[in-house]
Structures are given as structure tokens and as C-alpha cells.
Amino acid sequence: MQRIAVMTGGGDAPGLNAALRAVALAAHGRGWECLGVRASFNGLLDNGGGGVVPLPPDAVQGIGHLGGTILGTTNRADPFRWPPPGGRGEIDRSDDVLAACARHGIEALVMIGGDGTLRIAAGLHRKGLPVVGVPKTIDGDVAGAGVTLGFASAVAFATEAIDRLHCSAQSHRRVMVVEVMGRYAGWIALHAGLAGGAHAILLPEIPFDLAAVTRLLAERDARNRPDDIVVVAEGARPVRGQLFVADPAVPGRSERLGGVGAHVARQLELLTGKESRAVVLGHLLRGGSPVAADRVAALRLGDAAVQALAEGRAGVMMTLNGDVPGAIPLEEVSTWRVPVDHPLLRTARSLGVCLGE
Ligand code: F6P
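Residues numbered from 1 in each chain as written. Predicted model: local features only at pLDDT ≥ 70, side-chain atom pairs only at ≥ 80, totals over all residues. Heavy atoms only, no water.

Novice: I'd like to hear about the pattern of salt bridges, residue by residue, with values.
Specialist: The tally for this structure, following the rule as stated, stands at 19 salt bridges. We note a salt bridge from Arg93 to Asp96, for which the minimum N-O separation is 2.8 Å. Between Asp115 and Arg119 there is a salt bridge, with the nearest N and O atoms lying 3.3 Å from each other. One end of the pair is Asp115 and the other is Arg119, both in helix H4 (residues 115–126) and four residues apart, which spans about a single turn. Of the residues examined, Asp115 reaches a relative accessible area of 15% and is grouped as buried. Looking at Arg119, the relative accessible area reads 46%, which means it is partly exposed. (Salt bridge = Lys/Arg side-chain N within 4 Å of Asp/Glu carboxyl O. Helix = DSSP H or I, 4+ residues; strand = E, 2+ residues; numbered from the N terminus. Buried < 20%, exposed > 50% of the residue type's maximum accessible area, 1.4 Å probe, protein only.)

As C-alpha cells, then:
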């Protein structure tokens, strides 16, 4: 092997730069050249996409603590469903990706991304390009990954936000509803809600009944406990209700979720008579410096990805379960929702946290 490339796909997440640094340094340590693909697949498929840039050790010096990505931008574009120039619909440009890699002398690709990016990685690997995946998403919902880069940082930020919102809840005797990201899975809501001492946590996996939350808040009121905190994942929906969509899907992009926090606050105000406010953390969760746990995981996963290529083990996603590194076939990557009998849910119920059931 002489030259590999690394790229990111999907939404930004704290830890991308630390992972890029690890891949570049581990490749350099083996005497390989490492290129960075700018702007996800645009760098390979679109002349204006910024192309590829060399990533010698100096280019990745001092970036491990930075949020965002040094590769310009990241996005969800899929070469198997590429928007044709100026037109509607989608065309398959995966062969062009392979041709671009050949043109740049790229022998293998490390792809850092969530389930969407990792599915693309599987497709490219199937077509003959050696690819290794590194799991990244603040949502923490890649099955088998253990760690997904950005999740720990997002949970830390959301927890701090909840800690701060307790003040307003107490000072004004209000219900504070905190909406966090989490389209399909409620991992951020569950972890941050528990860590921040939320009284109710509403998840995409458990359709919620606000009558249950109202009962809990009434009990708390009876005990003169005014500081109500409700954490809700953007993908949570009421029993027999729909997802809250802020903006419908257009070709090549999923619908934008949003609005469930405002709905819950409005309804709880009506049902409890208590003043309620909604706060949407949204993209704040994806920005800023990665926490130490994300940085260390990024370094380990990036290094492991290069090691897998060196050992001829492409076609896998690197994993980190607890302290145990591993790999699973890219073909097996799927989304991991909170199972209804997950131990954290049992803990929440046992501590009297309302899950809207
Ligand atoms: O990374 C996944 C995610 O955080 C989802 O929870 C959320 O729905 C989505 O990103 C929003 O991304 P964007 O606003 O970039 O389309």
C-alpha cells in the first residue's frame, strides 16, 4: 500500500478532526501517503468540491481538540443517489468514485460517518474499493459500534444545558422542556436526561402519553417540587400521533424534524396549568470541542482503521465496546434504537423517571 484517503460523511460531530489526525499519522507511520477528501463525495465527484488534499503529519498537527472538520465541509450526499446537475431525481455515480480514486492513486478509503455513510461504504467495498469505516454520530445509534464519535460530547453538552435549566425551572416554578437531537433513537435524551436529573424523558422508541407526564408533575406539585424538567428527543411522537416535521423531505435529504419540544411545552401548560417553556438544543450538540472520551476513541478508531487496512481486512467498521476494540462487517451496519428492555430504561423507571408510558 502506498496511498490511502480519508473522508467524512453525514452531519458534523465533535471528534472528526481527532479521527482524521489518527488516520493520517497512522498511515504516515507505515510509510504510506494519506490524502483527505474535501467536502465528502463532492471532493471526488464535483469539480468545485475542493478535490483531495495531502495530509502529512504537519497538516494534522494540533487539530484533535477542534470541532467541525478540517476537510472543508461534510454532508450527506450519496454517490449511489447523486443529484444530476440542475435536474431532479438521482443517478448512480459510484463508478465515478472508483474512477476518481484510481485517478488520484487512492488504493483504500477510510470513511468516517454514521449509518448512512457506512451503508455507502459497504456499497463501494462491494464494488471492489477497499474501505474501512469509523462510526461517528452524536445520536449514538450505530448497531454494534459501542462508541460513535461525538455522542459523549453531545451528552456532556446536553447535560450541562439541563443543569442550567434547573435554575430557571426552580426560580419561576416552570416546566422546562428540552428538545435534543435523536431522529430514530433516544440515546442522547436518555443519557443526558438521566445525568441531568430530568423528571420525564420522551424517546422515539416509546410513543408518549402526556397524561402520564401530567400525573407525575401533579404529584411533584403536591410535594411542592416546582422544578420540572422534561427532556424530549426530536424523533419522539405521541401515542397514535405523527413525527414532528419542521421541513418536509426533498430528494437527497431527509425531512427535518423539529417542533415536538414546543408541542410538549404547550400541552403540558394546558394540562397542568403551570407555565412551560421549550428550549431546542439542536445543532449546539454537534459543535464545540470533543470531550476527552471522544478524542481518545477517535484516535483509537482511526488508528485501528489503518491497522485493518495494513492487515488486508477491509470491508469492516471498527468498533470499541467498553475498552475492547473490534470490527464488524460493513454489510451488517444498521441503526440501533433503544430496546424497550434496555437496562438504562429499567434504571430510569426504577428511579421514578416518567418515560411517557
Ligand atoms: O447526525 C444525526 C442528526 O443529529 C439527527 O439527530 C438530526 O435529525 C440530524 O442530524 C439533523 O441534521 P441536519 O440539520 O444537518 O440535516
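Novice: Quick one: what's the story with the domain arrangement of the protein, residue by residue and with numbers?
Specialist: For the protein, the assigned domains read domain 1 (3–149 + 290–333) and domain 2 (154–287). Here the C-alpha centroids of domain 1 and domain 2 sit 33 Å apart. The interface of domain 1 with domain 2 comprises twelve residues on the first partner and 14 residues on the second. Carbon and sulfur atoms make up 53% of the surface buried where domain 1 meets domain 2, a total of about 1000 Å² over both sides. At the surface where domain 1 touches domain 2, the tally comes to one salt bridge. (Domains from an automatic or database assignment. Contact = heavy atoms within 4.5 Å. Buried area = accessible area lost by both parts, 1.4 Å probe.)

Novice: Any details on the state of the cysteines? Residues and values, ideally.
Specialist: According to the stated counting rule, one finds zero disulfides in the structure shown. Looking at Cys34, it has no disulfide partner, and the nearest cysteine sulfur is the one in Cys101, 12 Å off. (Disulfide = S-S within 2.5 Å.)

Novice: I'd like to hear about the packing of aromatic side chains, residue by residue, with values.
Specialist: Throughout the structure, instances matching the rule amount to one aromatic pair. On the numbers, 4.3 Å between centres and 25° between planes, the contact of Trp187 with Trp336 is stacked. One end of the pair, Trp187, is in helix H6 (residues 187–195); the other, Trp336, is in the loop between strand E13 (324–329) and helix H10 (343–350), and 149 residues separate them in sequence. Looking at Arg183, its charged tip hangs above the ring of Tyr184, at a distance of 6.0 Å from the centre. (Phe/Tyr/Trp six-rings, centres within 6.5 Å; stacked < 30°, edge-to-face > 60°. Lys NZ or Arg CZ within 6 Å of the ring centre and 35° of its normal.)

Novice: Explain H6 to me, and be specific about the residues and the numbers.
Specialist: What H6 keeps buried is the set Trp187, Ile188, Ala189, Leu190, Ala192 and Gly193. In this fold, the buried residues of H6 make contact with helix H5 (151–172), strand E6 (175–180), strand E7 (200–202), strand E8 (228–233) and H10. Residue Gly197 follows H6 closely and has a positive phi angle near 70°.

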